[in-house]
Amino acid sequence: MSTLAELHEAAIMHNLFLRYQKNNIYTNIGSILAAVNPYKQIAGLYDSTAVDLYSKHQMGELPPHIFAVANECYRCLWKRHDSQCVLISGESGAGKTESTKLLLKFLSVMSQNSSGTPLSERTTRVEQALVQSSPIMEAFGNAKTVYNNNSSRFGKFIQLHFSQNGNIQGGCIIDYLLEKNRVVRQNPGERNYHIFYALLAGADKDHRDTYLLSEGPESYHYLSQAGCVQDSSLDDKQLFNSVMEALKVMEFSEEEIRDVFRLLSAVLQMGNIEFMTAGGAQITSNGVVSNVSELLGLDTFQLSEVLTQRSMILRGEEICSPLTVEQAVDSRDSVAMALYSQCFSWIIMSINQKIKGKNNFKSIGILDIFGFENFEVNRFEQFNINYANEKLQEYFNKHIFSLEQLEYNRSKQNAPIHII
Ligand SMILES: Nc1ncnc2c1ncn2[C@@H]1O[C@H](COP(=O)(O)OP(=O)(O)OP(=O)(O)O)[C@@H](O)[C@H]1O
Ligand SMILES: [Mg+2]
């Protein structure tokens, strides 16, 4: 790109477009790799021959590719004797999460092929767990939005710990800014987190009885309010099966899986708790509250009190005052959001326990943040996400400028001196 005769936005976009038409979706811009989402599978682009080819060549020897970046990162662990980081940025639907998975794929092959590792120390445990963690994290943390039908609604930083011999011996996932608000409301045409629909589509009759789920997604306020329960490109049943398989491979116990689904069912049913005004908010759907309390192991009376009253301690005495219907709905939604986000954190923590391993050499970190979006009304959480993206972009610009400055100084020092 830097060899273009004219370097302005239109020329850059035109060049990217010409390359994209020829299925060349990757373009190098200095040390940055620009990727254009092809929205289709390009034959041979990521197969094992490509992995093999890019693992044997230095950066710049082959056409630009995400595998070239992954390979450079891997080599730099020894070349620069320092940990490496890949920052993936772009608007929603640009292909960040897919790129993260491709980086992981390449690095896990490199790890498995690392010749320095004695056979006795070679393990595919971490690689396997990392691959299997994707469907779980995507089911609980991704949703259909207007921009992307598998949009990440949380950011994640994946760190892979390598041994001196080059194999992955451990990893760690840090999640942040889960969009909690989505659990209780969505914009028109968007969906809640995939896992709710997957559970309703995939659980068999016995499980549905255990989780007290007798209805389809249309009957749950938290799933139906935005007018979109299905999407032709999403197979909820298939997702349920792959999540179940991944949970088993990751050694989640049957009891843990049951508890997670009971909690999800409780969250869903909580959205159907309704109130009316009678000297403050009163619950009108008592059957639903008793289902929720059964699922969560709570006392029905206490749960009803908590949802309809505010209590405070005044001079050592507990004083209760009734909530209005609006406040009761807010407190119901807050409980649902808190339960879901705690469940999400617990899942990430459990995955981390499975991929934990030695950290005695260097690491490669991959940051897959979720894309910026601009709605007519940006809620507080969207504001936070956009702010985080802007901060990241600022850091990125600063870093790239300082790299360019270094390069410039270096070239100045090497330049011949002319004496006039
Ligand atoms: N390299 C690729 N090849 C083919 N299809 C791709 C590629 N990258 C992305 N896609 C398609 O684009 C969709 C959106 O990509 P992805 O989910 O990675 O976006 P994202 O940048 O992570 O968005 P968000 O910020 O909303 O999470 C994918 O579901 C896939 O269909
Ligand atoms: Mg994503």
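Reference entry: report on the structure contained in this document. From a predicted model like this one, the values you see are computed outputs, not experimental measurements.

Our next topic: the coordination of the magnesium ion (ligand 2). Taken together, Thr97 (OG1) and Ser152 (OG) make up the protein donors of the magnesium ion (ligand 2), found 2.0 to 2.1 Å from the metal. Taken together, the residues Thr97 in helix α4 (residues 96-113) and Ser152 in strand β5 (residues 151-152) connect sequence positions 55 residues apart. Pair check on accessibility: Thr97 and Ser152 agree, each one buried.

Attention shifts here to the pairing of strand β10 (residues 309-314). Relative to strand β11 (residues 317-322), β10 runs antiparallel, the two being bridged by six bridges. Bridge pairing in β11 places Arg310 opposite Ser321. Hairpin connection from β10 to β11: two residues lie between these consecutive antiparallel strands, with Arg315 at a positive phi of about 45°.

Okay, the packing of aromatic side chains next. Counted by the stated rule, this structure contains 11 aromatic pairs. Judged by centre distance (5.8 Å) and plane angle (35°), the rings of Trp78 and Phe361 are tilted. Of this pair, Trp78 sits in helix α3 (residues 66-79) while Phe361 is found in the loop between α13 (325-355) and β12 (363-368), placing the two residues 283 residues apart along the sequence. The exposure class of Trp78 is partly exposed, given its relative accessible area of 30%. Through successive ring pairs, a cluster of aromatic residues spans Tyr74, Trp78, Phe162 and Phe361. Over the face of the ring belonging to Tyr197 we find Arg191, whose NZ or CZ atom lies 3.8 Å from the ring centre.

How each quantity is defined
Residues numbered from 1 in each chain as written. Chains lettered and ligands numbered in written order. Predicted model: local features only at pLDDT ≥ 70, side-chain atom pairs only at ≥ 80, totals over all residues. Heavy atoms only, no water. Donors = N, O, S within 2.8 Å, 3.2 Å for Na, K, Ca; no water. Helix = DSSP H or I, 4+ residues; strand = E, 2+ residues; numbered from the N terminus. Buried < 20%, exposed > 50% of the residue type's maximum accessible area, 1.4 Å probe, protein only. Pairing = 2+ DSSP bridges. Phe/Tyr/Trp six-rings, centres within 6.5 Å; stacked < 30°, edge-to-face > 60°. Lys NZ or Arg CZ within 6 Å of the ring centre and 35° of its normal.

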